Amino acid sequence: MTPDLFDDLPAEHLPEIIAEGAVILRRFALDRAERLLGVIGEVTELAPLRRMKTPGGHAMSVAMSCCGEQGWVTDTRGYRYQSDDPLSGRPWPSMRDVFRTLAREAASAAGYEGFCPDACLINRYEPGAKMGLHQDRDEHDFKQPIVSVTLGLSQVFQFGGLRRNERPVNIPLHHGDVVVWGGPARLRYHGVLTLKAGDHPLTGPCRYNLTFRRAR
Ligand code: MD3
Ligand code: FE
């Protein structure tokens, strides 16, 4: 047997380049998953998870909350970032250090130095929940990357092209996986398939996804 070139490297965190500008860091957040989930609990006590309405008037299947100086909202008036939680009329809970540090470290591991997010979206998927193909284009500067973190149940991510009609590639994301999207991948269409029922030791029947962004 020929020894493999990568045998001595830890199986963890090997960057997997899925397209120019898009890097998967498998299990990158695993060792801090329980702390991240604790912070999700703390934030969502102040800004509860809610199913917002799309501009078309349909309730999204994913429940969302935010922390940071800016939060992403949708209602019949459209999609936007704003500094107040529309449920309470008060500022979103502040960005927590564990969150900020993870986002910065992951961006740096993917080649984006100095990432400083002002928004973290917290998505909670329960069985049956999904997110259709879309672009993230409500942010001010598309040169800033987005960092995403999966916690709990696995879910199939769909990674498309720069045009909606390009067929997406399916990529399963698991507990602790982090993906960084920047450069030419920043405006790619993407979504997630319907979450299947399951039971995760830390999150029970759901998947959480954190996305760190620079909105302004
Ligand atoms: C690719 N969330 O909140 S994260 C979203 O799993 C969103 O909750 C999904 O799409 C989720 O907007 C996917 C992965 C992701 C996030 C942003 C991207 C992939 C991206 C921006 C550009 C290209
Ligand atoms: Fe998105």
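The sections below set out a description of the structure shown in this document. Every value quoted in this text rests on a predicted model; they were computed, and no experiment measured them. (Residues numbered from 1 in each chain as written. Chains lettered and ligands numbered in written order. Predicted model: local features only at pLDDT ≥ 70, side-chain atom pairs only at ≥ 80, totals over all residues. Heavy atoms only, no water.)

## So, the pattern of salt bridges
Applying the stated criterion across every chain, the model contains 14 salt bridges. Among the ionic pairs, Glu-16 bridges to Arg-26, the shortest N-O distance being 3.3 Å. Taken together, the positions of Glu-16 in strand β1 (residues 15-19) and Arg-26 in the loop between β2 (22-25) and α1 (33-46) put the pair 10 residues apart, joining distant regions of the chain. On the basis of relative accessibility, which here comes to 33%, the residue Glu-16 falls in the partly exposed class. By relative accessible area, Arg-26 is classed as buried at 17%. As a salt-bridge pair, Arg-213 and Glu-139 come within 2.9 Å of each other at their nearest N and O atoms. A residue pair is termed long-range when its members are at least 10 positions apart, and Arg-213 in strand β13 (residues 207-213) and Glu-139 in the loop between β7 (131-134) and β8 (146-152) qualify at 74 residues. Three or more residues are tied together by salt bridges with common partners; here these are Asp-136, Glu-139, Arg-186 and Arg-213. (Salt bridge = Lys/Arg side-chain N within 4 Å of Asp/Glu carboxyl O. Helix = DSSP H or I, 4+ residues; strand = E, 2+ residues; numbered from the N terminus. Buried < 20%, exposed > 50% of the residue type's maximum accessible area, 1.4 Å probe, protein only.)

## Things to note about the coordination of the iron ion (ligand 2)
For the iron ion (ligand 2), the protein coordination sphere consists of His-134 (NE2), Asp-136 (OD) and His-190 (NE2), at 2.0 to 2.2 Å. One chain supplies every donor for the iron ion (ligand 2), spaced along it as H-x1-D-x53-H. Taken together, the positions of His-134 in strand β7 and His-190 in strand β12 (residues 190-192) put the pair 56 residues apart, joining distant regions of the chain. When its relative accessible area of 21% is taken as the criterion, His-134 is described as partly exposed. (Donors = N, O, S within 2.8 Å, 3.2 Å for Na, K, Ca; no water.)

## Quick word on the side chain of His-200
For His-200, the location among the structural elements is in the loop between β12 and β13. Classification of His-200 as buried rests on a relative accessible area of 15%. A polar atom in the side chain of His-200 sits 2.9 Å from the backbone nitrogen of Leu-202. Discounting chain neighbours no more than four positions away, the residues touching His-200 are Gly-152, Leu-153 and His-175. (Polar contact = N/O pair within 3.5 Å; in protein donor to acceptor, adjacent residues only side chain to side chain. Contact = heavy atoms within 4.5 Å.)

## What about the pairing of strand β4 (residues 71-75)?
The buried fraction of β4 is high, at four of five residues. Bridge count between β4 and strand β5 (residues 78-82): five bridges; the pairing is antiparallel. Within the sheet, the bridge partner assigned to Thr-74 lies in β5 and is Tyr-79. Counting the residues in the hairpin turn of β4 and β5 gives two residues. (Pairing = 2+ DSSP bridges.)

## Quick notes on the state of the cysteines
Under the counting rule described, the total for this entry stands at zero disulfides. Cys-67 supplies the cysteine sulfur nearest to Cys-116, a cysteine that is in no disulfide, at a spacing of 13 Å. Cys-120 provides the cysteine sulfur closest to Cys-206, a residue in no disulfide bond, and the two sulfurs are 15 Å apart. (Disulfide = S-S within 2.5 Å.)

## Comments concerning the packing of aromatic side chains
Per the stated rule, a full pass over the model turns up five aromatic pairs. Relative to Trp-181, the ring of Phe-157 has its centre 4.9 Å away and its plane inclined at 40 degrees; by these criteria the two rings are tilted. With Phe-157 in strand β9 (residues 155-159) and Trp-181 in strand β11 (residues 178-181), the pair connects residues that are 24 residues apart, well separated along the chain. The exposure class assigned to Phe-157 is buried, which follows from its relative accessible area of 7%. Judged by centre distance (5.2 Å) and plane angle (45 degrees), the ring pair of Phe-159 and Trp-181 falls under tilted. Taken together, the residues span a long stretch of sequence, with Phe-159 in strand β9 and Trp-181 in strand β11 at a distance of 22 residues. For the pair shown, Phe-159 and Trp-181 are each scored as buried. Among the aromatic side chains, those forming a connected cluster through ring pairs are Phe-157, Phe-159 and Trp-181. (Phe/Tyr/Trp six-rings, centres within 6.5 Å; stacked < 30°, edge-to-face > 60°.)

On their own, these measurements won't tell you what the molecule is for.
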